[in-house]
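Chain and residue survey
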Amino acid sequence: MKTDTVKTGTGQAQQLAGIINEHHTALLDGWMAGLIDRLVRRDKIAENELRQQASQLLPLLAGALDSGDSFDIEGGAWDDTRQLIAEISQSRVRQGYSPIDTASFMFSLKEPLFAYLRKEITAQPEQLGDAIISTSKLFDELGLLTIAIYQKAREQVILRQQQELLELSTPVVQLWQNVLALPLIGTLDSARTQVVMESLLQKIVDTGALIAIIDITGVPTVDTLVAQHLLKTIAAARLMGADCIISGIRPQIAQTIVHLGVNLEDVMTKATLADAFVVALKRTSSSITYQQQQH
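Residues numbered from 1 in each chain as written. Predicted model: local features only at pLDDT ≥ 70, side-chain atom pairs only at ≥ 80, totals over all residues. Heavy atoms only, no water.

**Comments concerning the overall build of the protein**
Note the following rule: The numbering of helices and of strands both runs from the N terminus, where a helix is a DSSP run of H or I of at least 4 residues and a strand a run of E of at least 2. Only protein chains enter the accessibility calculation, which uses a 1.4 Å probe; a residue whose area is less than 20% of its type maximum is buried, one above 50% is exposed, and one in between is partly exposed. A contact between two residues is defined here by any heavy atoms of the two lying within 4.5 Å. Computed with a 1.4 Å probe, the accessible areas rest on the Shrake-Rupley method; for each residue, only the protein chains presented here act as cover.
Looking only at helices and strands, the protein features 11 helices and 5 strands. Here the protein holds 295 residues, and 42% of them are scored as buried. Taking contacts inside the protein between residues at least 6 apart in sequence as the whole, the part at least 24 apart equals 72%. When the accessible surface of the protein is split by element, carbon and sulfur atoms take 53% of a total near 16,500 Å².

Below, the structure written as structure tokens:
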């Protein structure tokens, strides 16, 4: 009984492969017509690219269906098909397509294939029903595969963008010879603190700075976790040979730190970045002189 089922499935797959090979151009036209009607984003360049991708995919589908793996898309015969589907799905993420548009690429091939199946198996309704069900399940699986790959690729893009935003939001600026400033804006969490620490330490190595001013004017609140993150960053900078000054201590933040019992006795703090910069200049034996212009 099991052997008969396998033969039937293989026969249906080979029949479908034959339809794809014999009616390649007509299927491609029908596929594109249905797909373009469903697309939210429509332009000539996108349509040409879709047609090229569909034209590449059809022979791969036929080859996989004609193999011994038949409808098993996890089989080795489907490797090239899965690879192309993965490339197409990943490109959809970069181009700004929606998950629905991405899945529609596979789902839109169902209707033209069903039409040819009806022509091929007109006299055998039961066999036609089985073939349509098998074909529908196959393209449902392929459509779900495109969505899974799309979501994974989009998550990777989001993670990369978040990392880039973190790096952009923690610039280390050289204010003076041997003096760095790290203005922090927004909430500090563990991930961002790691980026802050790495950026500051690398800049210390690159410039040989002796003083690093960490300005927290733009940090809305300081809790125990934020204070611990700051202390870790200061300790790491000291190990690299640079002392740290924390500036931007507002009255509310000062009260919060005292209330939390956070020990900042070993850390110099200043109310403003300008005050911290003056201290940094003194520590590095530097000074700024003002020259009055003569008229």
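**Quick look at the pairing of strand β4 (residues 243–247)**
Regular strands place side chains that alternate from one sheet face to the opposite one. The condition is simple: Two strands pair if DSSP finds at least two bridges between them. A clockwise path from the first strand over the helix to the second, with the strands pointing away from the viewer, defines a right-handed crossover.
The buried fraction of β4 is high, at 4 of 5 residues. As paired elements, strand β3 (residues 211–218) and β4 share 5 bridges and run parallel to each other. For Asp-215, the partnering residue across the bridge sits in β4 and is Ser-247. What joins β3 to β4 is helix α9 (residues 224–239), and the crossover it makes is right-handed. By the bridge criterion, 3 bridges tie β4 to strand β5 (residues 268–270) in an arrangement that is parallel. Residue pairing for β5: Ile-246 is matched across the bridge by Thr-269. The parallel pair β4 and β5, bridged by helix α10 (residues 251–260), forms a crossover whose chirality is right-handed.

**Overview of the sheet that holds β4**
Test applied: Lines fitted to the C-alpha atoms define the axes, with helices restricted to the stretch that makes contact. Angles between their N-to-C directions range from 0 to 180 degrees.
Read across the sheet, 5 strands follow the order β1-β2-β3-β4-β5 without closing on themselves; strand pairing throughout is mixed. Each edge of the open sheet carries a strand with a single partner, namely β1 (173–176) and β5. The average undirected angle you get between the axes of adjacent strands in this sheet is 30°.

**So, the nonpolar core**
Rule in force here: Residues grouped as a nonpolar core are buried Ala, Val, Leu, Ile, Met, Phe, Trp, Tyr and Cys residues, joined through side-chain atoms within 4.5 Å.
Core analysis: the biggest nonpolar cluster contains 42 residues, and Trp-31, Leu-65, Phe-105, Leu-117, Leu-138 and Leu-142 have the highest contact counts within it. Counting residues per element, the ones that place at least two in this core are α1 (2–22), α2 (24–38), α3 (44–65), α4 (79–95), α5 (99–107), α6 (110–120) and α7 (125–168). In contact with Leu-65, other than residues within four places in its own chain, are Ala-13, Gln-14, Leu-16, Ala-17, Ile-20, Ser-70, Phe-71, Trp-78 and Leu-138. In this structure, Leu-184, Ala-212, Ala-237 and Ala-242 belong to the second largest nonpolar core, which totals 31 residues.

**Concerning a nonpolar patch on the surface**
In plain terms, the rule: Residues enter patches when their relative accessible area tops 30% and they take part in no salt bridge; the joining distance is 9 Å for like charges and 5 Å for the nonpolar side chains Val, Leu, Ile, Met, Phe, Trp and Tyr. Salt bridges are defined as contacts in which a side-chain nitrogen from Lys or Arg sits within 4 Å of a carboxyl oxygen from Asp or Glu.
Together, Val-173, Leu-175, Trp-176, Leu-273 and Ile-288 make up an exposed nonpolar region whose accessible area comes to about 370 Å². The dominant element in the nonpolar patch, judged by the number of residues it contributes, is β1, at 3 residues. Relative to the helices and strands, Ile-288 is located in the segment after α11 (273–283).

**Let's talk about the pattern of salt bridges**
Where side chains of opposite charge bring their charged atoms close, a pairing between them can arise. For the structure on display, the rule yields 4 salt bridges. Residue Lys-110 is joined to Asp-140 by a salt bridge in which the shortest nitrogen-to-oxygen separation is 2.5 Å. Within this pair, whereas Lys-110 is found in helix α6, its partner Asp-140 is found in helix α7, the two being separated by 30 residues in sequence. Using a relative accessible area of 30% as the deciding quantity, one classes Asp-140 as partly exposed.

**Here we look at the packing of aromatic side chains**
What counts here: Note on aromatic pairs: the rings of Phe, Tyr and Trp (six-membered ring only in Trp) are paired at centre separations within 6.5 Å, and the planes decide the class, stacked below 30 degrees, edge-to-face beyond 60, tilted for the rest. Counting as a charge over the ring demands two things of the Lys NZ or Arg CZ atom: a distance within 6 Å of the ring centre and an angle within 35 degrees of the ring normal.
Scanning the entire structure with this criterion turns up 2 aromatic pairs. It is Lys-119 that lies over the ring of Tyr-116; its NZ or CZ is 5.0 Å from the centre.

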